[in-house]
Every structure is written in structure tokens, then in C-alpha cells.
Amino acid sequence: MLTFPHIVPKQIPFSFFTTIRASHYLTLTQVRVAEKRFITTPDFWFVKIVSTLFLRSNPLDDRILSYFGKYLTPSLVLEVIKRLNNPNLGFKLFLSTREKLNVPHSFWTYNMLLRSLCQARLHNSAKLVYDCMRSDGQLPDSRLLGFLVCSFALADKVDVSRKLLVEAWCNKVQVNGIVYNNFLNILIKHKKLDDAICLVRELMRSNSHLETFTFNILIQGLCRAGEIDEAFELLRCMRSFGCSADIVTYNTLLHGLCRIDEVERARDLLKDVCLKCGVVPNVVSYTTIISGYCRLGKMKDASSLLDEMVRSGIKPNVFTFSVLVDGFVKAGDMTSALGMHKKMVFDGCLPNAVTLTSLIDGYCQVGWVNHGLNLWHEMNARNIPASLYTFSVLISALCKSNRLQEARDLLNVLKRSDIVPESFVYNPVIDGYCKSGNIDEAKAIVVEMEEKCKPDKLTFTILIIGHCMKGRMPEAIGIFYKMLAAGCSPDDITIRTLHSCLLKAGMPGEAAHIKETIFEN
């Protein structure tokens, strides 16, 4: 336990003792422990005094700092930094005690400072603290190492993260596989595929214990980047390291192949998985390839694979049926889409918003808008939340049928919902009112839209052409410049229309200025 000396050096300023007395008073009158007993231990008093002085006078006077240095211990420094509860102040106190007083710091001080600095995004300061930790001969444990590696990687300081791992390898520190996996996930997410590949190669060279999960992360990154052949090469490598590919590995490869439209190759891989690999495909495996066929419009192959899936004892889910319904709709085969919907319900698989929106789209494409609206009302009755795309499909179809008021009513329903709208939902209604000559109503819809989202290039184009057709040239010019200010570049049709209408309206000067402005931009 720390005790204060009876004789205090004369060179300490009077204000120092005034602050101590104030701190002493505050401690006695305000600080209690949970069981309502006063805290009067000298250690607590000392921590209270140092932290109070540091808060009021930063940096501390060297004489005061030197005086405190006689009594500061690593554990007391930690308590002071805790009490400061501020990463910046804790860092400054750490530097002062280290550089001026040569106070050694414990692992727990380093641990707390590093975490608090990284959480406050003060990664440069955290790097200095880490360097001090290493120069003191201390190493982070696996948990701290994992935190630092991920934190620096998320801050786009991948080189620092890699250096931390290299130091751990050199010092034979046991690194948990979770650290590598988290680091790889961050690299893949931030599209640093080359760094991820280098890390895995380094792990291979160092004969580290690699897990299937680790390989799966990199395979997923390669597939997302379209590097399918490299992903299959990695599959062969993982086998040589004693790692067995699992269903996640194969589903990732199947998805990667279908992304680049190599669906037949994906189906061949599925056959190999069934016959040779000892891995049982699941509903995701089949649905991935079915989706690939649907995207290519090969609905016969998609239906055939569905039958094969059912024969193998795997039950289709809502996603399987939804991609098939959507595929038939996009292929213009509404009869088959409705048949698949019927089969889905018969199998006890309830359709969701995606399924029903595809059917609504199909009805609207063949001109059966009322059937689409009936399905919309059915969704509401069954409390199936509509998506933004559901609104878009119906609003667009109503506008094409010149049912503008109904489309306007749907916009009001959208406005009252929790869905965040986008300009493409409003544009058909704005265009409809402009073409019908009701420019003022179109402008009112734009005002409502701007409360929720920004107009896009098409919005401005519709408004400019609409105003030109009505001969409202000053307003058309104003919208044109607003379009440029919003960073939207007008297309040739918009420019030619505006220029031609300005000339017809006897405004050659404005027409010339428009052309000059376009040239400058």
C-alpha cells in the first residue's frame, strides 16, 4: 500500500496542494463503494489526485510529474488511465510516464490502451503503443492479436496487420485459426483478393494448420471475382493439406460457375459431388443451378433439374419455387408460372413477396393489370409485406394503361410505408402526367419525391421535355441547370429537344448559351 511522505519538497507549486485538497474533499463527500462504505485507501487517493491533475493541467508540470514518479507503479498507471476514460488522454499519460519517468507498463495497460485507441480509430497512436510494447519485450496474446489484426485491416492498414502476424510467427506465438479467418473475411469484403491469396500462400508455406473454413473463404473470394479456375486449383490444394471439401465449398463453386453462365459445368460438378466426393448436395446446391438455368431462359433444363432434385429426396423450398416462377415469367410463359405457383402451394410451401411480385409482373406484362392488383390485395390481406419492386411493377403497369390516378394512389401508399423509395418508382407517374399535359401535377409529384429521394437523370429529362412540349421554356431552362448542378449529364435527345424548342420560341441567345454550357461541362 502506498503512503505519502510527511515532508513535501518546497518546489512543488501551491496550486498543486490546493488541487489535492479539493480532490480530497470530493473523495470524502462523493465516492462510495457498493456496500455504502467510504473509500479512504491511499492508493485510491493517489489515483484520484493524479487523474484530476492530469485532466486540469495537460501536460503536467515536469516537477509535479517527477514528484509523482517516485510513487507510480505499473498497476497505479493502469488505474489512472482507466479513470481518465479517454483514449487520447490515456495515450498522453502513457507517453509521459514512459518517456519522462521510465515507468514500466504492464500487459494489461497495453491491452486496454490498444483496444481503446483502435475503437476510437486512433490507429497511428495504437501503432506507437504497440511498438513500445514490443520494445519492452511483451507480446500480445491470441485474443489481443486477433483484435489488432482485424482492427488495422478494417482501417485499411493491411500492411500493419500482416506485420503483426509475421511477428507472431517469428516469435512462435500460437495464433488461433479464427484470427486468420476473420482477417481473410475482411480482405475479401474489401476486395483485397491479392492480399488474401498472399496470406493463404504464406500459411501454406509455414505449414500452419489450415481448416476447410479458411479455404472456403478464399474460394468464395475467387468465385466472386470470376477466377473460377483458380478456385478449383485451390480446391486441389486443400486436399493436399488434409482438408476435405464440404458442401459449403461445393455450393460456393456451383454459385461461382453459374455467375459466369457456365451452368452446364456446374451441373457436371453436381453429378461429381453426388457420385465421387462423398458429400450430399442440399437444397442450396440444386437451387443455385436451377437459378442459373432460369437466368439463361433454359426453363426446360430448370424444370428437369427440379424433378431430379425431388427424386433424390430433397424438398424444394420457397427460394427454389420463386426462381422458377420468375424464370417462367421472364420467358413469357405465364401459364407455366401459374402452374409452378400452384405446385408450390400444393407442396405446402407458402409463397413470399418475391414469388407474388414475379406473378404480378407476369400479369402486368400480358396486360392483365387487374389480376395483378387482385394479387396485390391478397398480399395485403395475408400481411405479406410488399417490396419496392412490387410497387414499381404495379405503378409502371398502371401508367402504361393510362390509369394515372390509381398509380398516384399507390405512390401515396408507398409514402405511408416504411419502404425507402427511389426515383425509378416515381418516374413513370411523372412521365404520365407530363405526356397528358398536366405539368403542374407532375411537378407536385417531384416535390413529394424530393422529400424521400433525389431525382435522377431520367426524372430531369422527363421534366425538361415535358416543359418544352408545353412551351414553358424558362422553367425548362431552370430544370436543365438544376440537372447539371445535381451532377446528371443530359443525353443528346434532351439537348436537341431543348435547343430546338428554344429556337422555335425565339430564344436563340439562350439556345446558344445551353450549347456553350454543355461544351464546358
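Residues numbered from 1 in each chain as written. Predicted model: local features only at pLDDT ≥ 70, side-chain atom pairs only at ≥ 80, totals over all residues. Heavy atoms only, no water.

A. Here's a closer look at the overall build of the chain. Scanning the chain for helices and strands turns up 29 helices and 0 strands. Considering the chain as a whole, with its 521 residues, one finds that 47% of them fall into the buried category. The long-range fraction of contacts in the chain, counting pairs at least 24 apart against all pairs at least 6 apart in sequence, stands at 62%. Carbon together with sulfur atoms contributes 54% to the accessible area of the chain, which is approximately 27,100 Å² in total. (Helix = DSSP H or I, 4+ residues; strand = E, 2+ residues; numbered from the N terminus. Buried < 20%, exposed > 50% of the residue type's maximum accessible area, 1.4 Å probe, protein only. Contact = heavy atoms within 4.5 Å. Areas by Shrake-Rupley, 256 points an atom, 1.4 Å probe, with all protein chains shown as cover.)

B. Region of the structure containing the nonpolar core. Grouped together as the largest cluster of nonpolar side chains are 160 residues, with contacts concentrated most on L218, L253, I289, I395, I430 and L498. For this core, the leading source of residues is helix α22 (residues 388-400), giving 8 residues. (Core = buried A, V, L, I, M, F, W, Y, C linked by side-chain atoms within 4.5 Å.)

C. Spatial organisation of unusual backbone geometry. Unusually for a residue other than glycine, R121 sits at a positive phi of about 60°. Here R121 shows up in the loop between α6 (107-119) and α7 (123-135). Of note, N402 is a non-glycine position whose phi angle comes to about 60°, a positive value. Residue classification places N402 among the exposed positions, given a relative accessible area of 59%.

D. View of the environment of V425. For V425, the position within the fold is in helix α24 (residues 423-435). With relative accessibility at 1%, the residue V425 sits in the buried group.

E. Quick peek at helix α23 (residues 404-416). Counted at 1.5 Å a residue, the expected span for α23 with its 13 residues is 18 Å, and the 19 Å between its end C-alpha atoms agrees. Those residues of α23 lying buried are L404, A407, R408, L410, L411 and L414. Viewed end-on, α23 has its buried residues packed into an arc of 160°, placing them on one side of the element. If you follow the buried residues of α23, they end up packed against α21 (369-381), α22, α24 and α25 (439-452). (Expected span 1.5 Å × (residues − 1). Arc of directions from axis to C-beta.)

F. Spatial organisation of the packing of helix α17 (residues 299-311) against helix α18 (residues 318-330). For the pair α17 and α18, the least separation of the axes is 10 Å and the interaxial angle reads 160°. Of the possible angle classes, the one that applies to α17 and α18 is roughly antiparallel. Here α17 and α18 pass one another in a crossing that is left-handed. Together, M299, A302, S303, L306 and M309 of α17 and T320, L324, G327 and F328 of α18 make up the contact between the two elements. (Axes fitted to C-alpha atoms, helices over the stretch in contact; angles between N-to-C directions. Parallel < 35°, antiparallel > 145°, perpendicular 65-115°, else oblique. Left-handed = near helix turned anticlockwise from the far one by under 90°.)

G. Representation of helix α19 (residues 334-346). When the terminal C-alpha atoms of α19 are compared, their 18 Å separation across 13 residues agrees well with the 18 Å that a helix rising 1.5 Å per residue should span. Turning to α19, its buried residues are M334, A337, M340, H341 and M344. Mapping the buried residues of α19 onto a view down its axis gives an arc of 120°, with all of them on the same face. Away from its buried face, by an angle of more than 90 degrees, α19 presents the exposed residues T335, K342 and F346. Elements that come into contact with the buried residues of α19 comprise α17, α18 and α20 (353-365). With its phi angle positive at about 80°, G348 sits one or two positions after the end of α19.

H. Geometry of the packing of aromatic side chains. Scanning the entire structure with this criterion turns up 7 aromatic pairs. Pairing F215 with F241 gives two aromatic rings, centres 6.4 Å apart and planes at 50°, and the pair type is tilted. Here F241 lies in the loop between α13 (228-240) and α14 (247-259) and F215 lies in helix α12 (residues 212-224), a separation of 26 residues in the sequence. Among the residues examined, F241 registers a relative accessible area of 33% and is labelled partly exposed. Summarising the aromatic geometry, the rings of Y363 and W368 are spaced 6.1 Å apart at their centres and angled 35° between planes, so their arrangement reads as tilted. Accessibility expressed as a relative area gives 11% for Y363, which makes it buried. (Phe/Tyr/Trp six-rings, centres within 6.5 Å; stacked < 30°, edge-to-face > 60°.)

I. Local environment of the side chain of S125. Take S125: it is sitting in helix α7. When near neighbours in sequence (up to four residues on either side) are disregarded, S125 contacts F91 and L117.

J. Fine view of the side chain of D361. Position of D361 among the secondary structure elements: in helix α20. Among buried Asp, Glu, Lys and Arg side chains, D361 stands out as unpaired, with K330 the closest opposite charge at 5.3 Å. Beyond its immediate stretch of four places on either side in the chain, D361 contacts V329, Y389 and V393. (Lys, Arg positive; Asp, Glu negative; His and termini not counted. Salt bridge = Lys/Arg side-chain N within 4 Å of Asp/Glu carboxyl O.)

K. Here's a closer look at the environment of K92. Inspection of the secondary structure assignment puts K92 in helix α5 (residues 87-99). By relative accessible area, K92 is classed as partly exposed at 40%. For the pair K92 and S125, spaced 33 residues apart in sequence, the C-alpha to C-alpha distance is 9.8 Å.

L. Structural detail: the pattern of salt bridges. Tallying each qualifying case throughout the model produces 24 salt bridges. Among the ionic pairs, R265 bridges to D229, the shortest N-O distance being 3.4 Å. Linking R265 in helix α15 (residues 263-275) with D229 in helix α13, this pair joins segments that are 36 residues apart in sequence. The exposure class of R265 is partly exposed, given its relative accessible area of 32%.

M. Seen up close, the confidence of the model for the chain. Here the chain shows a mean pLDDT of 86. Residues at 70 or above account for 88%. In the model, residues 1-40 has pLDDT below 50 throughout and makes 52 contacts with residues more than four positions away in sequence or in other chains. (pLDDT = per-residue confidence, 0-100.)

N. Highlighting the packing of α14 against helix α16 (residues 283-295). Contact pair α14 / α16: the axes reach a minimum separation of 9 Å and the direction vectors enclose 0°. Relative to α16, the element α14 lies roughly parallel. On α16, the residues that touch I247, N251, L254, H255, C258 and R259 of α14 are V284, S285, T288, I289, G292 and R295.

O. Representation of the state of the cysteines. With the rule as written, the count across this model stands at 0 disulfides. Note on C501: no disulfide assigned, nearest cysteine sulfur contributed by C468 at a separation of 4.3 Å. For C501, a relative accessible area of 13% gives the class buried. (Disulfide = S-S within 2.5 Å.)

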